[in-house]
Every structure is written in structure tokens, then in C-alpha cells.
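Understanding the architecture of this molecule
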Amino acid sequence: MSSSNPKDAMAFRAISIRACLYIVVLIGLMQGIFLIDAQRAGGPDFSEVSLTEFAQAALLFACSAMMLYVRHRLRTLPTVGLLLWGFFAASFVRENDAWLDRFIFDGAWQLLVVVIVLPTLYIVIRRRHRFLSEFRKMANTLGFGLFASGFLITYVFSRLYGRSVFWQALMGDQYLYVVKSAAEEVAELAGYSLLLFACIEIVLLARRLRHGQRG
């Protein structure tokens, strides 16, 4: 009987440790939301000044920064890194739309999203063959699986789950907007958390690819 590969065992341990850390992050976020947003004096608050909203923006900012790191420092997945940076940067701007509309001008976030998205798509389309080559390297990885899960939860499930008509049908005359808002925002935060974990895995993948190229 052949012995197990030491490299496989090390990889399994590393993934297990990261999985535990991801669980700790989720527990910390949910406990913070429970203590700060759900038990806020005067009633639950999931508005633009809530911990939930600030955490969402922080996670998107971290994702954007990591994709810039992949593109400009590691340089092993530059086109994928650019596309993901554009996605996260545009999402960060959209997440802060209320602040931008209030302190810059109404509709500022739409303009910023266009400024981010159009050049990003132009470069990626021009370099589509390189993008496809890079995408093949990550298509079957943990990072891409987490990204797909986070994307579906944030941009599909949370939108459907947070519909007012759904919660009005559930609660009837006892409908409370704060319950609907909490459900949608917390689901969205869960998706953003998975996207953060995906970015961490993509950074680690890019580092491994860079090390392989140097070797």
C-alpha cells in the first residue's frame, strides 16, 4: 500500500486551517451584527449607518485591493485580476451610492461605475485569449467555487429573498420593513463574505502559479 503524498497532506491541512478561519470570521460578523445592529437602542437598524452596511463596504474594498495585488504584484492572472477588480470596485461604488449621491451629486455612483466598467471590459475583451487562458487555471479551484457561490447569494438569492412582496406575504398585517431589510442585508453580507474568501483563495493560487513559473 502506497503512503500518502506529504504535499497532499500539507495542502489538506492548509485548506482545513483556512476553512476554520473563514468560519471564525462569519461567527464574528454575525455576532457583531446581533450585538450592534439587532440590539441597537431604539430598535434594530440595518440602514446605511449600520455595522452590516459598513462591513459590506469593507469586504468589497478588501476584495478590490486583493485583485489589484494579483494584477500588479503577482502578475500571474493579470486579466482575470483586472476583470475581478472592476467587478468589485463597481460593486463597492454601488454599495456606497447613498453617500456619493449625498456628498457629491445625485447619480454620482452611476457615473463612477461607468468609468470603472467600460475601460475594464474594453481591455479584457481585447485580451480575451489571455483571459481564457488564465481562467482555465482557476476554473476548477476552490477560489472560483467560492466566487460563484458568493456571486449567486449576493446578486441573485439576496435580491429575491429580500423582495418586499415576499415578506409582506409572510407577515401580512404584521409586516415590518426592518425584518425584510435585515433578511436581505444579512444574506448579502454572507455572499460578500464568500467573495472575500474567494479572493483570498485566488491570491494564494496566483502565488502558487508565480512560484511555479519561477521554479
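Cut-offs used in this document
- Residues numbered from 1 in each chain as written.
- Predicted model: local features only at pLDDT ≥ 70, side-chain atom pairs only at ≥ 80, totals over all residues.
- Heavy atoms only, no water.
- Helix = DSSP H or I, 4+ residues; strand = E, 2+ residues; numbered from the N terminus.
- Contact = heavy atoms within 4.5 Å.
- Axes fitted to C-alpha atoms, helices over the stretch in contact; angles between N-to-C directions.
- Parallel < 35°, antiparallel > 145°, perpendicular 65-115°, else oblique.
- Left-handed = near helix turned anticlockwise from the far one by under 90°.
- Nonpolar A, V, L, I, M, F, W, Y, C, P; charged D, E, K, R; others polar.
- Expected span 1.5 Å × (residues − 1).
- Buried < 20%, exposed > 50% of the residue type's maximum accessible area, 1.4 Å probe, protein only.
- Core = buried A, V, L, I, M, F, W, Y, C linked by side-chain atoms within 4.5 Å.
- Salt bridge = Lys/Arg side-chain N within 4 Å of Asp/Glu carboxyl O.
- Phe/Tyr/Trp six-rings, centres within 6.5 Å; stacked < 30°, edge-to-face > 60°.
- Lys NZ or Arg CZ within 6 Å of the ring centre and 35° of its normal.
- pLDDT = per-residue confidence, 0-100.

Turning next to the environment of Ala 90. The topology assignment puts Ala 90 in helix α3 (residues 78-95). Measuring from C-alpha to C-alpha, the distance between Ala 90 and Tyr 122 comes to 15 Å, with 32 residues separating the pair along the chain. Apart from residues lying up to four places away in sequence, Ala 90 is in contact with Val 113, Ile 116 and Val 117.

Moving on, we get to the packing of α3 against helix α7 (residues 142-161). Across the interface, α3 lies against α7 with an axial gap of 14 Å and an inter-helix angle of 25 degrees. Judged by the angle between their axes, α3 and α7 are roughly parallel. Crossing of α3 over α7 shows left-handed handedness. Across the interface between the two elements, Leu 84, Phe 87, Phe 88 and Ser 91 of α3 pack against Phe 147, Phe 151 and Tyr 155 of α7. A breakdown of the residues in the contact of α3 with α7 according to their chemical character gives six nonpolar, one polar and no charged.

Turning next to helix α1 (residues 6-38). With 33 residues, α1 ought to run about 48 Å at 1.5 Å a step, and its terminal C-alpha atoms sit 47 Å apart, in line with that. Those residues of α1 lying buried are Arg 18, Tyr 22, Leu 29, Gly 32, Ile 33 and Asp 37.

Met 67, Val 70, Leu 77, Leu 84 and Phe 88 are the most contacted members of the largest nonpolar core, which totals 35 residues. Contributing elements (two or more residues each) for this core: α1, α2 (51-74), α3, α6 (128-138), α7 and α9 (177-214). In this view, Leu 84 contacts Met 67, Phe 147 and Ile 202; residues no more than four positions away in its chain are not counted. Among the nonpolar cores identified, the runner-up in size contains eight residues, and Ala 89, Ala 90, Trp 109 and Ile 116 belong to it.

Here Ser 50 is to be found in the loop between α1 and α2. Of the residues examined, Ser 50 reaches a relative accessible area of 0% and is grouped as buried.

We now examine the pattern of salt bridges. Evaluated as defined, the whole model comprises six salt bridges. Residue Glu 201 is joined to Arg 18 by a salt bridge in which the shortest nitrogen-to-oxygen separation is 2.6 Å. Separated by 183 residues along the polypeptide, Glu 201 in helix α9 and Arg 18 in helix α1 bring together distant segments of the chain. When the shortest N-O distance is used, the salt bridge between Arg 40 and Asp 37 registers 3.3 Å. Note on Arg 40: relative accessible area 26%, which makes it partly exposed. The buried category is assigned to Asp 37, whose relative accessible area is 0%. Via salt bridges that share partners, Asp 37, Arg 40 and Asp 45 belong to a single interconnected network.

Turning our attention to the packing of aromatic side chains. The tally for this structure, following the rule as stated, stands at 17 aromatic pairs. Seen from the ring of Trp 109, Arg 94 lies directly overhead, with NZ or CZ sitting 4.6 Å from the centre.

Moving on to unusual backbone geometry. Its identity is not glycine, yet Arg 75 carries a phi of approximately 60 degrees, on the positive side. Mapped onto the fold, Arg 75 is located in the loop between α2 and α3.

What follows covers α2. Given a rise of 1.5 Å per residue, 24 residues ought to cover 34 Å, and the 32 Å separating the end C-alpha atoms of α2 matches this to within 8%. Just past α2, the residue Arg 75 takes up positive phi, approximately 60 degrees.

Moving on: the packing of α3 against α6. The contact between α3 and α6 brings their axes to 7 Å, and the two run at 90 degrees. As far as their axial angle goes, α6 and α3 are roughly perpendicular. Contact with α3, carried on its side by Pro 78, Thr 79, Val 80 and Leu 83, involves Arg 130, Phe 131, Glu 134, Phe 135 and Met 138 of α6 and no other residues of that element.

Here the focus is the confidence of the model for the protein. Taken residue by residue, the protein gives an average pLDDT of 92. The fraction at 70 or more is 97%. Confidence scores differ between elements of the protein, with helix α4 (residues 97-103) showing the lowest mean pLDDT of 86 and α3 the highest of 97.

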